[in-house]
Amino acid sequence: MQRWLAGLMAAGVALAGCGGSDDDGTADGSSGRIEVVASFYPVAEAAERVGGEEVEVSNLTPAGTEPHDLELTADQVDRLEDADLVIYLGRGFQPAVEAALERRDGPTLDLLEEIEVGEGAIEALEAEERGEEAGGADDEHAGEEIDPHFWLNPRLLSQAAEVVKIEMAALAPAAEATFDANLAAYQKQLADLDGEFETALAGCARQEIVTSHAAFFYLADRYALTQVPIAGLSPESEPDAQRIADLTTLIKDRGITTVFYETLVAPDVARTLAREAGATAAVLDPIEGLSEDDLTAGKDYSAVMRQNLAAMKAALACP
Ligand SMILES: [Zn+2]
C-alpha cells in the first residue's frame, strides 16, 4: 500500500485555474471560510478534522442513510456546483454525486482516484476470489468494480486525510500551518487506533469474518483477517441459494460463531444465514455513515471502529 504515497504527493498539483468559485455570491465572504462538500461520513470527518475552524463542511449523505444509493435534492445539486471544494469517491460509489459533478468546474477531489486505490483494490478482489474457500464466488463485478471501502483501514483514512490537507492548503495557503497541525492530531488519533487493532487482533482463535456485504477487505487485509462476504460490493447485491448453502457449510466446518450485518442495511439475509448455520448475528459497522444517535452521543469514526474491534474480538475468540 505504500506505493500510493507517490500519488498522494502529486495530489496537490491539479488545482491551478480553479479560482472564481467564491464569486457567485453564495459563499459567505465575511467569514472567509472554505466551503467544502463531502459526499459521505468518513470523508466529511476527515475534512472537518483537517479543516477545523477554517472550513465549513457539509455532508451530502444524511445521518442514518446508506451512501451507495444516495439521491440528491435540488439544493444539494446547487451546493455541489457552488462549493469551494467537493470531496467524494468516484468509480460508481455514489452515481448521483458523479452525475451532478459533471456540471461543476471548481476543484473536486475523488479520493479513490487521488490515492490510487484502484489498482490495489482490483488485485485484492481477485486475490480474495482466488482464495475464497466457500466456493462459488459469484460476484459478476470481480476484476472490474473497485472496492471503495478504504476507510476501514485507519492507515488509509490517514493517508486520505493528507490528500485532503494538500487540497485545502492549495485553496487557503495562509491557513496551511493550521491544517498541518490539525492533520497531525488526526493522524495521531488514527495511528493509535491502528495500533490498538493490531495488538487486539493478534493471536485470535479464528481469522474469518463473515460479513453481509463485501465492505471489509481493507480492514481484513490490514489485520490479517479473512473476509467472507455473503454478497458483493454493493449492499443491494443478493446471494443465491447455493452461496448460502456453501457459507452454512463453511461456518459449521470452521466453528465460526458470528455472522456480521451492518447498521444501515436490513439484516434479514445475515440473520437467516446465522440461524441456518447455528451462529449468532452481530453488528460490524462499515462506517458508511453514522446514525443520528451516534452523532448525538458524540461518536466518530474511531469510536465506531472500537465498537467493531470489540465485536471482532468476541467473534474471533481473541486473547
Ligand atoms: Zn459499501
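Rules used throughout
Residues numbered from 1 in each chain as written. Predicted model: local features only at pLDDT ≥ 70, side-chain atom pairs only at ≥ 80, totals over all residues. Heavy atoms only, no water. Salt bridge = Lys/Arg side-chain N within 4 Å of Asp/Glu carboxyl O. Helix = DSSP H or I, 4+ residues; strand = E, 2+ residues; numbered from the N terminus. Pairing = 2+ DSSP bridges. Axes fitted to C-alpha atoms, helices over the stretch in contact; angles between N-to-C directions. Phe/Tyr/Trp six-rings, centres within 6.5 Å; stacked < 30°, edge-to-face > 60°. Buried < 20%, exposed > 50% of the residue type's maximum accessible area, 1.4 Å probe, protein only. Lys NZ or Arg CZ within 6 Å of the ring centre and 35° of its normal.

**Q** Outline the pattern of salt bridges, listing residues and values.
**A** Evaluation of the coordinates by the stated rule reveals 13 salt bridges. Here arginine 49 makes a salt bridge to aspartate 300, at a shortest N to O gap of 2.8 Å. You can see arginine 49 sitting in helix H2 (residues 41-51) and its partner aspartate 300 sitting in the loop between helix H12 (292-296) and helix H13 (301-316), a full 251 residues away along the chain. One salt bridge in this structure joins lysine 165 and glutamate 176, with 3.2 Å as the shortest N-O distance. Of the two residues, lysine 165 sits in helix H7 (residues 154-171) while glutamate 176 sits in helix H8 (residues 176-200), which places them eleven residues apart along the sequence. Counted as one network, the salt bridges with shared partners bring together Arg155, Asp194, Glu198 and Arg222.

**Q** Give me the sheet that holds strand E7 (residues 258-261): which residues, what numbers.
**A** The parallel open sheet is built from four strands, whose spatial order is E6-E5-E7-E8. The sheet is open, and its two borders are formed by strand E6 (226-229) and strand E8 (280-283), each paired with just one other strand. Across the sheet, the mean angle separating the axes of adjacent strands is 35° when strand polarity is ignored. Two elements, strand E5 (residues 208-211) and E6, share four bridges in a ladder whose sense is parallel.

**Q** Give a description of the packing of aromatic side chains that names residues and reports values.
**A** Pairs of aromatic rings are described using the distance from one ring centre to the other and the angle between the two planes. With the rule as written, the count across this model stands at six aromatic pairs. With a centroid separation of 5.8 Å and an interplanar angle of 65°, the aromatic rings of phenylalanine 93 and tryptophan 151 are classed as edge-to-face. Taken together, the residues span a long stretch of sequence, with phenylalanine 93 in the loop between strand E3 (85-88) and helix H4 (95-101) and tryptophan 151 in the loop between helix H6 (117-131) and H7 at a distance of 58 residues. Since its relative accessible area comes to 2%, phenylalanine 93 is described here as buried. Seen in terms of ring centroids, phenylalanine 150 and tryptophan 151 are 5.9 Å apart; in terms of plane orientation they differ by 80°. Their pairing is edge-to-face. The same class applies to phenylalanine 150 and to tryptophan 151, which are both buried. Joined through ring pairs, the aromatic side chains of Phe40, Phe93, Phe150 and Trp151 make up one cluster. One Lys or Arg, arginine 271, reaches over the ring of tyrosine 261 and ends 5.1 Å from the middle of that ring.

Take it as geometry only, folks, not as evidence of what the structure does.
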